[in-house]
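Remarks on the overall topology
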Amino acid sequence: MLPFILLKEGTDTSQGIPQLISNINACQVISEAVRTTLGPRGMDKLMVDSRGKATISNDGATILKLLDVVHPAAKTLVDIARSQDAEVGDGTTSVTLLAAEFLKQLKSYVEDGLHPQTIIRAFRTATNLAVSKTKEIAVSVKKDDKQEQRKLLEKCAATALNSKLIAGQKDFFAKMVVDAVMSLDELLPLKMIGIKKVQGGALEDSQLISGVAFKKTFSYAGFEMQPKRYENLKIALLNVELELKAEKDNAEVRVKSVEACGGSIQTSVGAMTEDTLGQCELFEEVQIGGERYNLFKGCPKAKTCTIILRGGAEQFTEETERSLHDAIMIVRRAIKNDSIVAGGGAIEMELSKYLRDYSRTIPGKQQLLIGAYAKALEIIPRQLCDNAGFDATNILNKLRAKHAQGGTWYGVDINNEDITDNFVACVWEPSIVRINALTAASEAACLILSVDETIKNPRGSVDGPPGGGRGRGRAHAH
């Protein structure tokens, strides 16, 4: 009997176990790309896009976004890194590593012909256990004590900044980020924190302005003589062109000022009344680097602030901005969910121990699979050690022993090539970061496991416009 050909010629199909294995291998490759960026001793990546623009980054999500991933299964990992970035801001590298490691641990089971659904069921169980265990051991912080809360937030911000380029100035920036987030209102809207980058100067020259700051947008005859600071002033927001200038800047300025200072935008000068004017306590014009900046401080209406970043190279200030974004997100999360866990591989080791103990109490395949999940969690402390050049096996053995004796918060001590109680060492993260990372990673692993066939349509006639191919004007000889 002749084989039937159902699909169009050139369609690429692959299915069954080899397909699963190839998907798992693709995910390993993705994690190779970001694994060295994890932790305080992580390396940075330099990515150059097709137009030749260089980006230096340590943020897992940024790196994966800039890698042009075409493999369909590996794209899942890119997506979870992005969702982690959007949801909690930090932990993007961890989430990718975890997902890839889950798959790596499972590879041998898949090759032995264990059914993917069995694996997925075990993983769901393990994730639920891990999440509830995290919630159970997380330490919540008293919100009423403002100073306590502030200390906690600064520690969390410093932990987030620890693995970034600006780790050297983490205390300086942690304070700045906490100030910035604390100056917002209840809902903590991200867009009310403006970040402006001014080239030149040192990182320490960066400053936080409680109010709106923007580049001076226009000058007029005799402006040098005008006073450079006013107190308790009214602001007229006019939609009238006082001069010809990039409209985008002006529009941004107006919107920011309306949100912060009150008042409304006027289109003519005729109908001005008290209530259409904005107001603020202090306006001044200052020189920052090569630019003149207008600062509005003490705005009554919206709580807003602007961080002005200084630094040498453009890539450097951009990476600083990304790092601060991570820290700001972490602080917002820590304010909303006030429970924290110790970072530096401590929480992963504890969960790993808990799941390993649990797996020994159940019979059957589930035991092996939950054990594999537990083993996969150790990738985080292991990678932290590898990146710092420590002997990972040695340190992990110490950690396993310590956790078995009940040292819940023991993790990797980066500074002394040893283990230490990271809760005491103030390596703190909001527990939501870890919970989100676990659920996203296991979700991605399950998703990739449940795919057993990929069908790729051949290129060409599918995406061309009907009638006449792609219109390149070549003559086809039939």
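So, here's what we can say about the structure. From a predicted model like this one, the values you see are computed outputs, not experimental measurements.

The next thing to look at is the sheet that holds strand β15 (residues 428-430). Read from one edge to the other, the open sheet built from 3 strands follows the order β4-β12-β15, with strand pairing classed as antiparallel. Here the strands that pair on one side only, and so sit at the sheet edges, are β4 (139-140) and β15. Both strand β12 (residues 339-342) and β15 contribute to a ladder of 3 bridges, which runs antiparallel. Residue V341 lies in a different strand from β15, and its bridge partner there is E429. Along the sheet face, helix α14 (residues 431-449) touches β12 and β15 and points at about 65° away from the line of β15.

Here I380 shows up in helix α12 (residues 379-388). Residue I380 is classed as buried on the basis of its relative accessible area of 3%. Once the C-alpha coordinates of I380 and G345 are considered, the two residues, 35 residues apart in sequence, prove to be 5.7 Å apart. Filtering out sequence-adjacent residues up to four positions away, I380 remains in contact with L38, S94, L98, G345 and E348.

Moving on, we get to the pattern of salt bridges. Tallying each qualifying case throughout the model produces 19 salt bridges. Between D90 and K164 there is a salt bridge; the shortest N-O distance is 3.9 Å. Highlighted residues: D90 in the loop between α3 (74-87) and α4 (92-111) and K164 in the loop between α6 (146-162) and α7 (170-182), separated in sequence by 74 residues. Between E378 and R356 there is a salt bridge; the shortest N-O distance is 2.8 Å. Separated by 22 residues along the polypeptide, E378 in the loop between α11 (365-377) and α12 and R356 in helix α10 (residues 346-359) bring together distant segments of the chain. For E378, a relative accessible area of 3% corresponds to the buried category. Here the residues in one salt-bridge network are D90, K164 and D326, joined through shared partners.

About the criteria used
Residues numbered from 1 in each chain as written. Predicted model: local features only at pLDDT ≥ 70, side-chain atom pairs only at ≥ 80, totals over all residues. Heavy atoms only, no water. Pairing = 2+ DSSP bridges. Helix = DSSP H or I, 4+ residues; strand = E, 2+ residues; numbered from the N terminus. Contact = heavy atoms within 4.5 Å. Axes fitted to C-alpha atoms, helices over the stretch in contact; angles between N-to-C directions. Buried < 20%, exposed > 50% of the residue type's maximum accessible area, 1.4 Å probe, protein only. Salt bridge = Lys/Arg side-chain N within 4 Å of Asp/Glu carboxyl O.

These results come straight from atomic positions and should not be treated as a statement about function.
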